Amino acid sequence: MIAGSAAATVTGVSAGTAHAAVPASPGVTYTNTIAEQRADPHIFKHTDGFYYFTATVPAYDRIVLRRATTIQGLTSAAETTIWTKHATGVMGGYIWAPEIHFIDGKWYIYFAAGDANNVWHIRPYVLECTDANPITGAWTEKGRIALPLDTFSLDATTFAVNGTRYLAWAQNDPAVGSGTNLYIAQMSSPWTITGTPVMISRPTAAWETAGGATVNEGPAVIQRGGKVFMTFSASATSDVYCMGMLTASASADLLSASSWAKTANPVFASFATTSQYGPGHNQFTVSEDGKSDILVYHDRSYKDISGSPLDDPNRRTRVQKIYWKADGTPDFGIPVADGLTPIRLSSYNFPDRFIRHWDYRAKIEANVSPLADSQFRVVTGLAGTGTVSLESANFPGYFLRHKNNEVWVEKNDGTSLFAGDASFTARAGLADSAGVSYESYNFPGRYIRHYNYLLYVQAVSTTTDRADATFYTQ
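Residues numbered from 1 in each chain as written. Predicted model: local features only at pLDDT ≥ 70, side-chain atom pairs only at ≥ 80, totals over all residues. Heavy atoms only, no water.

Participant: Kindly report on the overall build of the chain, identifying the contributing residues and their values.
Facilitator: Within the chain, the regular secondary structure consists of 2 helices and 37 strands. C-alpha extents for the chain along the principal axes are approximately 75 × 45 × 45 Å. Out of the 474 residues in the chain, the part that is buried amounts to 54%. Taking contacts inside the chain between residues at least 6 apart in sequence as the whole, the part at least 24 apart equals 51%. Per element, the accessible surface of the chain, about 18000 Å² overall, is 51% carbon and sulfur. One way to put it: in the chain the 36 positive side-chain charges average out to a point 3 Å from where the 41 negative ones average out. (Helix = DSSP H or I, 4+ residues; strand = E, 2+ residues; numbered from the N terminus. Buried < 20%, exposed > 50% of the residue type's maximum accessible area, 1.4 Å probe, protein only. Contact = heavy atoms within 4.5 Å. Areas by Shrake-Rupley, 256 points an atom, 1.4 Å probe, with all protein chains shown as cover. Lys, Arg positive; Asp, Glu negative; His and termini not counted. Charge placed at Lys NZ, Arg CZ, Asp CG, Glu CD.)

Right, here's the structure in full:
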């Protein structure tokens, strides 16, 4: 799950200028929600050309699978129940957080299950399928993952680093305190750990203990640039639910707690402006072209929940692109609004700079923080007639518009003047047809371009003008 760098390379061209090659990680968009009432989602892209998707269902009574050749296709894909909880005994209680993995030529599903007579006796279990198609194939119960400590334990995930396979999971240790911590162990088979588990994270910060819950759970791993990033979810499963992250060097001893460093703050959290609450229990997949890393997670579209969050069925599966900072760490940004996911626009001749807003003025800048200041939804133009408008990701309803030839991000006031000023015709890039240039709808011949790093709408005539008016989607 290591996608190409989003940083474009620079090559020299005539007149001593420089320009960006087409980005290694070009823009990719999806329309959320991917699946309603599907929590703890896991999407796996297999070598057979299919994405396989499983998740927790509200009844907590079965494991479902669907597949499609695209991530978006999972929305309408048929869903098959491949396993149902036992009527009695173990694996007869709550069925939670299934994950599908392909290891050494076989399919495995990791999940947590309670007992029929004690639904809270949650432990990790594994299913195996040796058939090529896990939806039509036969599944065998490999049983419970035996852990030295026989306590509440869930959210098992598996990953390999430098040829060694590991299991990570969440578990309660009464000797440590209430709630769940994160653990890691080496594996000797896809359903067996070896050696002594190591606790690598204990919820101690306020953002890990909000809502009256002391929780680290739902570990998920993505690797890039010699680093192992383990995201996890924290706090109660309401609007305070959020994601943190642990980082280790791929060459370090991953079974040593000191190899892992935790973020001081959440890396992904509720964002009221986009109506996204309690994002978490994430996983990772890659885009259809393999060039972008994709965050898979669940959240709710409202903050207030009646009764227990566990009884609320409306956590839903969502996806959005991950970006990578200059220091090599992932930037998840904000949980974006429902509907089309946003893109970023990098400068053709300043490849490390992106269009962003700052105090509502549009400019190009490197190392944009917060990320969402440089994300825009390309929506149907407010003026219609084949145009597009660029809507701010973190200020929904605000659009790039020109006034006095300057480009600003402002709220749509519903007037025809605003609609015209905020509408553009997307053209093949004036300096590179692989890029894009935006021609003003109500001032034909004028394009969005940067000058002294600020954005304007101006006529273009020179080579420099055309370069300044060309952008790449990322």
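Now, onward.
Participant: Account for the sheet that holds strand 9 (residues 106–115), naming residues and giving values.
Facilitator: An order of 8-9-10-11 is seen for the 4 strands of this open sheet, with the pairing classed as antiparallel. Only two strands of the sheet have a single partner each, and these edge strands are strand 8 (90–103) and strand 11 (140–144). Put simply, the sheet's adjacent strands are angled 25° from each other on average, direction ignored. Bridge count between strand 8 and strand 9: 8 bridges; the pairing is antiparallel. In the strand pairing of strand 9, Phe 102 is matched with Trp 107. (Pairing = 2+ DSSP bridges. Axes fitted to C-alpha atoms, helices over the stretch in contact; angles between N-to-C directions.)

Participant: Explain the pairing of strand 9 residue by residue, including any values.
Facilitator: Of all 10 residues in strand 9, 9 are buried, a share of seventy percent or more. From the end of strand 8 to the start of strand 9, which pair antiparallel, there are 2 residues, and Asp 104 there has a positive phi angle of about 50°.

Participant: Let's hear about the sheet that holds strand 12 (residues 153–161): which residues, and what values?
Facilitator: The antiparallel open sheet is built from 4 strands, whose spatial order is 12-13-14-15. The open sheet has two edge strands, strand 12 and strand 15 (192–201), and neither has a second partner. In this sheet, neighbouring strand axes are inclined to one another by 25° on average, regardless of whether the strands run parallel or antiparallel. Across 7 bridges, strand 13 (residues 164–173) lies against strand 14 (residues 177–189) in antiparallel orientation. Pairing of Asp 173 across the sheet is with Gly 177, part of strand 14.

Participant: So, empty space enclosed by the protein: which residues are in play, and what are the values?
Facilitator: Under the definition given, this model contains 2 cavities of 30 Å³ or more. Of the volumes computed, that of the largest cavity is approximately 60 Å³. Surrounding the largest cavity, Gln 37, Arg 38, Ala 39, Thr 56, Val 57, Pro 58, Tyr 60, Asp 312, Pro 313 and Arg 315 form its lining. Taken as a whole, the second largest cavity spans an internal volume of roughly 40 Å³. Along the walls of the second largest cavity sit Val 336, Ala 337, Pro 342, Arg 377, Glu 391, Ser 392, Ala 393 and Pro 396, which together make up its complete lining. (1 Å grid on protein atoms, 1.4 Å probe; cavity = no way out; pocket = protein on both sides within 12 Å on 5 of 7 lines; lining within 4 Å. Points joined across faces, edges and corners; volume = space filled by probe spheres on them.)

Participant: Any details on unusual backbone geometry? Residues and values, ideally.
Facilitator: Residue Asn 32 is joined to Thr 33 through a cis peptide bond whose omega torsion reads 15°. Its location among the elements puts Thr 33 in the loop between strand 3 (31–32) and strand 4 (39–45). For the bond from Ser 369 to Pro 370, the omega torsion is 0°, close enough to zero to count as cis. Although it is not a glycine, Ser 275 adopts a positive phi angle of roughly 60°. With respect to the helices, strands and loops of the structure, Ser 275 is situated in the loop between strand 19 (261–262) and strand 20 (277–286). A residue is classified by how much of its surface remains accessible, and Ser 275, at 34% relative accessible area, is partly exposed.

Participant: Provide a residue-level description of the environment of Ala 35, including the pertinent values.
Facilitator: As for its placement among the helices and strands, Ala 35 is situated in the loop between strand 3 and strand 4. Here the alpha-carbon distance between Ala 35 and Arg 318, two residues 283 residues apart in the chain, equals 7.2 Å. Those residues in contact with Ala 35, other than ones at most four positions away along the chain, are Phe 53, Arg 66, Arg 316 and Thr 317.

Participant: Describe the packing of aromatic side chains, naming the residues involved and giving the relevant values.
Facilitator: Aromatic ring pairs are described here by two measures, namely the spacing of the ring centres and the angle between the planes. Enumeration according to the criterion identifies 25 aromatic pairs in this entry. Note on Tyr 60 and Trp 96: the rings are 6.4 Å apart at their centroids and 80° apart in plane angle, and the pair reads as edge-to-face. Taken together, the residues span a long stretch of sequence, with Tyr 60 in the loop between strand 5 (51–56) and strand 6 (62–68) and Trp 96 in strand 8 at a distance of 36 residues. Here the two residues Tyr 60 and Trp 96 agree in accessibility, since each one is buried. Members of the aromatic cluster, joined through ring pairs, are Phe 44, Phe 50, Tyr 52, Phe 102 and Trp 107. In this structure, Arg 344 is placed above the aromatic ring of Phe 354, and the distance from its NZ or CZ to the ring centre is 3.8 Å. (Phe/Tyr/Trp six-rings, centres within 6.5 Å; stacked < 30°, edge-to-face > 60°. Lys NZ or Arg CZ within 6 Å of the ring centre and 35° of its normal.)

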